[in-house]
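The chain contents come next:
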Amino acid sequence: MITETESKRIVIKIGSSSLTSMHGEISRRKLEKIVDEVVRLKDEGHEVLLVSSGAVAAGYRKLGCLERPTDLAEKQAAASIGQGLLIESYSDLFLSHGYVGSQILITRSDFSDEDRYNNARSTINVLLDRGIIPIVNENDTITMDFLKFGDNDTLSAKVAGLVDADQLIILSDIEGLYNENPNDNPDAKLVEQVQEITDEIEASAGGSGSSVGTGGMKSKIDAFKIAMASGIASFLGKASTANIVYDAVHHKAKGTYFTSKPDTTNLNQKKQWIAFNSGPEGEVIISMDSKDMIVQQKNSLHPAHVTKVHGDFDKGAVVRVIDVSGEEVGLGVVNYSSTTFKSFIGQPIDRLSKYKQAAVEREDFVCHLDFALPVSV
């Protein structure tokens, strides 16, 4: 048995393509494989959280569909049937090994509201502390497309940050990140280690339809950006490989390991929420001199630095900070409403100097130049 200091908190994401049969239905054999691997980690003393797709696949035949539906209402109806069947299968399998599974259904709005975000964190922490295996999925039954996380790759990275995971493992139907699309080039080489998401890696990932697996390689790269910025070591490997999860935890698996450089500054919990979950409510425009102060000198942003405001927002909202050339500098929590900011604009500097509270405190600001963040999460 490993010691408490050696135990890890591990988030494992498995997509629909890695859980379904050739007919598109949930494969009991594949489900048993992932459960057996989770149980092996639990038996070693690790905490494990599972982010699992598969609700639509589990339910569409019971809905009376011969093929996986494409209509939104039918997909959501299938998910409402399949989610119960999926969690029942997971629960029965875990109970047969002496472990309890729990269901967590999340929507993007649960993460965009800071209080609900922190409540979800507390709930999941209680489950993990009690030895329960949380099984997380997006609430596909009610979530509209424009409010979705995008895919479970993104969701798993955000959940990993939420619970301060030590490792994120994304299982797919491809062995890892290649320098080129292996479907197009049989001589493409597997990239075994990544410490920085470069332009070349972005290019090799291509668009959402460039490779196999739910969401494609592009969404997985975005997920690893989130994890790396949060200081979480990550792995991408093939779900069907024997012992893939256990070997990935022990750094023996074939696949791609994503780890930040040793001197990298990681986002804390507050900044993770600002960067990945908050949902900006407006924009403040700042001068180039002010940009230098907040980016290079790492100072807070004074009310006098704001030259223009877009949108209506209250004190405490998260906004985009944009320079006068139109480049987005970062995201920050404002200490004044949009109405108050507008009243400041055009006033003499000496008159604004009486306002001691910063427009945006540096500790409540996430600079895009400090982290390789996804464009949209």
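Note that this is a predicted model, so its numbers are computed, not measured.

This part takes up the side chain of E44. Locating E44 in the fold gives a position in helix α1 (residues 28-44). The side chain of E44 sits in the buried core without any salt bridge; R40 is the nearest counter-charge, 5.9 Å away.

Burial analysis of helix α10 (residues 269-276) places 7 of its 8 residues in the buried class, which makes it a mostly covered element. For α10, the set of buried residues is Q269, K271, Q272, W273, I274, A275 and F276. Backbone nitrogen of K270 and a side-chain oxygen of the N-cap are separated by 3.2 Å at the start of α10; the cap is N268.

Spatial ordering of the open sheet is given by β3-β4-β2-β1-β5-β7-β8-β6, a layout of 8 strands whose pairing is mixed. Each edge of the open sheet is held by one strand with a lone partner, namely β3 (101-106) and β6 (193-194).

Counting residues in each nonpolar core, the largest one holds 50 residues, and the members touching the most others are V11, L49, V136, V163, L168, I221 and F258. In terms of residue count, helix α8 (residues 216-229) provides more of this core than any other element does, 8 residues in total. Formed jointly, this core draws a minimum of three residues from each of two domains, domain 1 (9-266) and domain 2 (270-367). Residues within four places of F258 in sequence aside, it is in contact with L177, V194, I197, I221, F224, M228, I232, A233, S234 and L236. Core analysis: the next-biggest nonpolar cluster, separate from the first, contains 31 residues, I34, V35, V48 and L86 among them.

Right, let's get into unusual backbone geometry. Despite not being glycine, H251 shows a phi value in the positive range, around 55°. For K298, which is not a glycine, the phi torsion comes out positive at approximately 55°. Structurally, K298 is set in the loop between α11 (288-295) and β10 (306-310).

A separate point is α11. For α11, every residue scored as buried is listed here: S290, K291, I294 and V295. In an axial view of α11, the angular spread of the buried residues amounts to 120°, which keeps them on one side of the axis. Lining the buried residues of α11 we find β9 (283-286), β11 (318-323), β12 (328-334) and β13 (360-367).

Turning our eyes to something else, we now look at the environment of D350. Its place among the elements puts D350 in helix α13 (residues 349-352). By relative accessible area, which is 60% here, D350 ends up exposed. Note: C-alpha distance between D350 and A304 (46 residues apart in sequence) is 9.4 Å.

Here we take up the UniProt feature "binding site: ATP" (unreviewed entry) in the protein. Sites flagged by UniProt as "binding site: ATP" (unreviewed entry) map to K13, S172, D173, T214, G215, G216, M217, K218, S219 and K220. Not counting chain neighbours up to four residues away, the residues in contact with K13 comprise V51, N152, D153, S156, I169, I170 and L171. Its location among the elements puts G216 in helix α8. Its relative accessible area of 0% is what places G216 among the buried residues.

Another point: the sheet that holds β13. In space, the 5 strands of this open sheet follow the order β10-β9-β11-β12-β13, with mixed pairing throughout. Either end of the sheet is taken by a strand with one partner, and the two such strands are β10 and β13. Averaged over all pairs of adjacent strands, the angle between strand axes in this sheet comes to 30°, irrespective of strand direction. In this sheet, β11 lies alongside β9 in parallel orientation, the contact comprising 4 bridges. If you follow E283 over to β11, its bridge partner there is R320. Of the strands in this sheet, β11, β12 and β13 are in contact with α10, which crosses β13 at around 60°.

Thresholds applied
- Residues numbered from 1 in each chain as written.
- Predicted model: local features only at pLDDT ≥ 70, side-chain atom pairs only at ≥ 80, totals over all residues.
- Heavy atoms only, no water.
- Helix = DSSP H or I, 4+ residues; strand = E, 2+ residues; numbered from the N terminus.
- Buried < 20%, exposed > 50% of the residue type's maximum accessible area, 1.4 Å probe, protein only.
- Lys, Arg positive; Asp, Glu negative; His and termini not counted.
- Salt bridge = Lys/Arg side-chain N within 4 Å of Asp/Glu carboxyl O.
- Polar contact = N/O pair within 3.5 Å; in protein donor to acceptor, adjacent residues only side chain to side chain.
- Pairing = 2+ DSSP bridges.
- Core = buried A, V, L, I, M, F, W, Y, C linked by side-chain atoms within 4.5 Å.
- Domains from an automatic or database assignment.
- Contact = heavy atoms within 4.5 Å.
- Arc of directions from axis to C-beta.
- UniProt positions renumbered as here; feature names shortened; annotations may be inferred.
- Axes fitted to C-alpha atoms, helices over the stretch in contact; angles between N-to-C directions.

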